[in-house]
Amino acid sequence: MKFLDFVEKHGTSIPKADVEKIELKANKEVIIREMVEGYKLVMGIAEASREIIPLLHDINKILPERNKEKTNELVNKVHAIMPRTNHFFLHVIYAYHYQIQLYLDRYTIREVDNIPDRFECLTAQTDKGINYYGELVEACDLFALQLDKVLKSFGITEHKENKDG
């Protein structure tokens with residue numbers, strides 16, 4: 001069973017007794033391939049989050065103008081990127097970087113979404129998003145750093161994509 005399939009099926013909160021019953025039948029190449037795929041997945045989530053953060057800052061800058069057209073254009077760009085930041089594997093990262101969960105507990109969606117003024121609501125949403133995606137980037141980077149160390153211990157160094165060409 002692939003690691004990501006396992007997480008999707010069982011989640012990350014499996015009791016210790018259940019974990020001991022799980023048989024792992026994989027060879028080194030399969031494990032390495034899964035780690036490389038996980039590394040690329042996490043870095044893709046971080047990259048998309050990094051794309052969203054400046055857009056949210058741009059939204060905050062133009063909100064005082066109350067220009068619906070510009071605001072909607074930027075919001076639509078954010079919404080187009082958001083699916084790239086959503087993956088069930090984030091449950092593993094959340095466990096690894098608990099700040100995201102603490103952040104989500106502090107800011108309930110209802111509090112922000114119930115602000116009557118549309119522009120004040122959007123300001124609160126973008127502030128919340130800037131914090132969330134910043135934490136997500138940090139969590140992904142920390143997780144990828146540790147995964148990078150494991151891959152290097154196997155002698156794998158080509159898992160990082162070269163964006164320079």
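The sections below set out a description of the structure shown in this document. From a predicted model like this one, the values you see are computed outputs, not experimental measurements. Think of each chain on its own: its residues are numbered from 1, step by step along the sequence as written. Under the rules for a predicted model, residues below a pLDDT of 70 receive no local features and side-chain atom pairs below 80 are neither given nor counted, while totals for whole chains, interfaces and linings still include all residues. Side-chain measures here rest on the full set of heavy atoms in the structure, leaving out hydrogens and waters.

Quick notes on the overall build of the protein chain
For the protein chain, the helix and strand inventory stands at 8 helices and 0 strands. Under the scheme used here, helices are H or I runs from DSSP no shorter than 4 residues and strands are E runs no shorter than 2 residues, and both carry numbers assigned from the N terminus. When the helices and strands of the protein chain are read in sequence order from the N terminus, they spell out α-α-α-α-α-α-α-α. Partly exposed describes any residue whose relative accessible area lies between the buried limit of under 20% and the exposed limit of over 50%, with all areas from a 1.4 Å probe on protein chains only and scaled to the type maximum. Per-residue burial for the protein chain yields a buried fraction of 35% across its 165 residues. Residue pairs in contact within the protein chain that sit at least 24 positions apart in sequence constitute 80% of those at least 6 positions apart. Each accessible area value is a Shrake-Rupley result obtained with a 1.4 Å probe; residue values ignore everything except the protein chains displayed when judging cover. When the accessible area of the protein chain is evaluated, it comes to approximately 10800 Å², of which 54% is carbon and sulfur surface. We call two residues in contact whenever any of their non-hydrogen atoms come within 4.5 Å of each other.

Digging into helix α4 (residues 68-81)
Expected span of a helix: the number of residues minus one, times 1.5 Å. Under the 1.5 Å per step criterion, the end-to-end length of α4 is 20 Å for 14 residues, consistent within 8% with the ideal 20 Å. For α4, the complete set of buried residues consists of T71, L74, V75, V78 and I81. The arc enclosing the buried residues of α4, seen along the axis, measures out at 120 degrees, which places them on a common side. Residues K68, E69, N76 and A80 are exposed on α4 and point more than 90 degrees away from its buried face. In this fold, the buried residues of α4 make contact with α3 (28-62) and α8 (118-153). It is the directions from the helix axis to the C-beta atoms whose arc is reported.

Some remarks on the nonpolar core
I59, I93 and L151 are the most contacted members of the largest nonpolar core, which has 37 residues in total. Elements supplying a minimum of two residues to this core: α3, α4, α5 (90-96) and α8. No other element matches α3, which puts 14 residues into this core. Working definition of a nonpolar core: buried Ala, Val, Leu, Ile, Met, Phe, Trp, Tyr and Cys residues. They are joined through side-chain atoms within 4.5 Å.

Quick notes on the pattern of salt bridges
Each reported salt bridge corresponds to a side-chain nitrogen of Lys or Arg within 4 Å of a carboxyl oxygen of Asp or Glu. Tallied over the full model, the rule gives 6 salt bridges. For D141, the salt bridge is made with R50, and the minimal N-O distance between the two is 2.4 Å. Note that D141 is positioned in helix α8 and R50 in helix α3, a separation of 91 residues in sequence. Given the relative accessible area of 39%, R50 is considered partly exposed. Between R84 and E51 there is a salt bridge, with its nearest N and O atoms 2.9 Å apart. One end of the pair, R84, is in the loop between α4 and α5; the other, E51, is in helix α3, with 33 residues separating them in the sequence.

Quick word on the packing of α3 against α8
For every element, the axis is a line fit to its C-alpha atoms; helices are fit only across the contacting stretch, and the angle between N-to-C directions ranges from 0 to 180 degrees. Axis separation between α3 and α8 bottoms out at 8 Å; the angle between their running directions is 155 degrees. Considered as vectors, α3 and α8 are oriented roughly antiparallel to each other. The interaxial crossing formed by α3 with α8 has left-handed handedness. Polar here means any residue outside two lists: the nonpolar Ala, Val, Leu, Ile, Met, Phe, Trp, Tyr, Cys and Pro, and the charged Asp, Glu, Lys and Arg; Gly therefore counts as polar. Its residues placed into classes, the contact of α3 with α8 shows 23 nonpolar, 8 polar and 4 charged. Note on terminology: angles under 35 degrees are roughly parallel, angles over 145 are roughly antiparallel, angles of 65 to 115 are roughly perpendicular, and the others are oblique. When the near helix sits turned anticlockwise from the far one by under a right angle, the crossing is termed left-handed; a clockwise turn instead gives a right-handed crossing.

Some thoughts on the packing of aromatic side chains
Any two rings among Phe, Tyr and Trp, with Trp reduced to its six-membered ring, count as a pair given centres within 6.5 Å; such a pair is stacked if its planes are under 30 degrees apart, edge-to-face if over 60, and tilted if neither. In total, this model carries 1 aromatic pair according to the counting rule given. Residues Y132 and Y133 carry aromatic rings whose centres are separated by 5.0 Å and whose planes lie at 80 degrees to one another, so their mutual orientation is edge-to-face. A relative accessible area of 8% places Y133 in the buried class.

Examining the packing of α3 against α4
How two helices pack is summed up by the angle between their axes together with the distance between the axes. Their axes nearest at 9 Å, the elements α3 and α4 cross at an angle of 165 degrees. On the basis of the axis angle, α3 is roughly antiparallel to α4. Here the hand of the crossing between α3 and α4 comes out left-handed. Residue-level contacts link A48, E51, I52, L55, L56, D58, I59 and I62 of α3 to K70, T71, L74, V75, K77, V78 and I81 of α4. Its residues assigned to classes, the contact of α3 with α4 shows 10 nonpolar, 1 polar and 4 charged.

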